[in-house]
Amino acid sequence: MTAIERWVNEQAELRAATHALRDLVAMAEPPLPVLLIPARWRIARALLRYLPSTDRIIYARLRLHTDPAARATAARFAAEADAIYIAFDKHLDRWTPEAALADWAGYRAHVRRQAAMVDDRLVREKTELLPWLSTAPDLAPARAPGDRNWAGDGWRIRDMLGVDQVLAAQA
């Protein structure tokens, strides 16, 4: 499997995870935490795989493109990716498991907005970003100095959601 194929799979998993949570919050009453927390964790995991892969597989190549329009497109998408992650992090801070259950209607509306944002982003990647790859330099994915500690963020999110408590309760 090539790096691009792996990235496409990660993109598909992010879409699937987002749609699964969107479908779960379509219910008028909150689902049991044993259903909601794993759905939220699935999105977090997908996003924490997708964002660094996008940077290391897609943006890294487009930053070296000979066409300034390709470099500008990569820079714009990279800035948007940062904004998406900041919005996701704020979402998690605002919508703790307890807060989501306490204001189910508000949480549902927020999830629907975020799902629409993800869908829009993934469509635009396909139409605006990916066409540039065919003429971009072929590079192996690599971490860059100063890369974000995505794994550390993952552990923080996992703890905040209470994933381990849900898993322990299921055992």
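Residues numbered from 1 in each chain as written. Predicted model: local features only at pLDDT ≥ 70, side-chain atom pairs only at ≥ 80, totals over all residues. Heavy atoms only, no water.

### Topic: the packing of helix α3 (residues 68–94) against helix α5 (residues 104–129)
The N-to-C vectors of α3 and α5 enclose an angle of 165 degrees; their axes lie 12 Å apart at closest approach. Our classification of the angle between α3 and α5 gives roughly antiparallel. For the crossing formed where α3 meets α5, the hand is left-handed. Residues T73, A74, R76, F77, E80, A81, I84, A87, F88 and H91 of α3 touch α5, and the partners they reach there are Y107, H110, V111, Q114, M117, R121, R124, E125, E128 and L129. Class assignment for the residues of the contact of α3 with α5 results in ten nonpolar, four polar and six charged. (Axes fitted to C-alpha atoms, helices over the stretch in contact; angles between N-to-C directions. Helix = DSSP H or I, 4+ residues; strand = E, 2+ residues; numbered from the N terminus. Parallel < 35°, antiparallel > 145°, perpendicular 65-115°, else oblique. Left-handed = near helix turned anticlockwise from the far one by under 90°. Contact = heavy atoms within 4.5 Å. Nonpolar A, V, L, I, M, F, W, Y, C, P; charged D, E, K, R; others polar.)

### Re the environment of A70
Position of A70 among the secondary structure elements: in helix α3. Spatially, the C-alpha atom of A70 lies 9.3 Å from that of P131, the residues being 61 residues apart in sequence. The contacts of A70, once residues within four sequence positions are left out, are L62, H65 and W132.

### Section: the packing of aromatic side chains
On inspection of all chains with the given rule, the structure shows four aromatic pairs. With 6.2 Å between their ring centres and 25 degrees between their planes, W7 and Y50 make a pair best called stacked. With W7 in helix α1 (residues 3–24) and Y50 in helix α2 (residues 33–62), this pair connects stretches of sequence that are 43 residues apart. Considered together, W7 and Y50 belong to a single accessibility category, that of buried residues. The interplanar angle of 35 degrees and the centroid separation of 5.7 Å between the aromatic rings of W104 and Y107 together place this pair among those described as tilted. Of this pair, W104 and Y107 both sit in helix α5, separated by three residues, roughly a single helical turn. You'll find W104 and Y107 in the same group, each marked buried. Members of the aromatic cluster, joined through ring pairs, are W95, W104 and Y107. Directly above the ring of W95 sits R94, whose terminal nitrogen or CZ lies 3.7 Å from the centroid. (Phe/Tyr/Trp six-rings, centres within 6.5 Å; stacked < 30°, edge-to-face > 60°. Buried < 20%, exposed > 50% of the residue type's maximum accessible area, 1.4 Å probe, protein only. Lys NZ or Arg CZ within 6 Å of the ring centre and 35° of its normal.)

### Focus on the layout of surface pockets
When its volume is computed, the largest pocket comes out at roughly 240 Å³. Every residue lining the largest pocket is counted, 13 residues in all, and those nearest its centre are L48, W150, A151, G154 and W155. For the lining of the largest pocket, the secondary-structure elements that each account for two or more residues are α2 and α6 (150–161). A per-class count over the lining of the largest pocket returns five nonpolar, two polar and six charged. Here the second largest pocket defines a volume of roughly 190 Å³. Along its surface, the second largest pocket is lined by L51, P52, D55, Y59, A78, A81, D82, Y85, D147, R148 and W150. Broken down by secondary-structure element, the contributors of at least two residues to the lining of the second largest pocket are α2 and α3. Among the residues forming the lining of the second largest pocket, the class breakdown is seven nonpolar, no polar and four charged. (1 Å grid on protein atoms, 1.4 Å probe; cavity = no way out; pocket = protein on both sides within 12 Å on 5 of 7 lines; lining within 4 Å. Points joined across faces, edges and corners; volume = space filled by probe spheres on them.)

### Brief notes about the nonpolar core
The biggest cluster of nonpolar side chains holds 45 residues, and the ones touching the most others in it are L21, Y107 and I157. Secondary-structure elements contributing two or more residues to this core are α1, α2, α3, α4 (97–102), α5, α6 and α7 (163–170). Looking at which element gives the most residues to this core, the answer is α2, with 15 residues. If we ignore the near neighbours within four places in the chain, the residues touching I157 are W41, A44, L48, Y85, F88 and L92. (Core = buried A, V, L, I, M, F, W, Y, C linked by side-chain atoms within 4.5 Å.)

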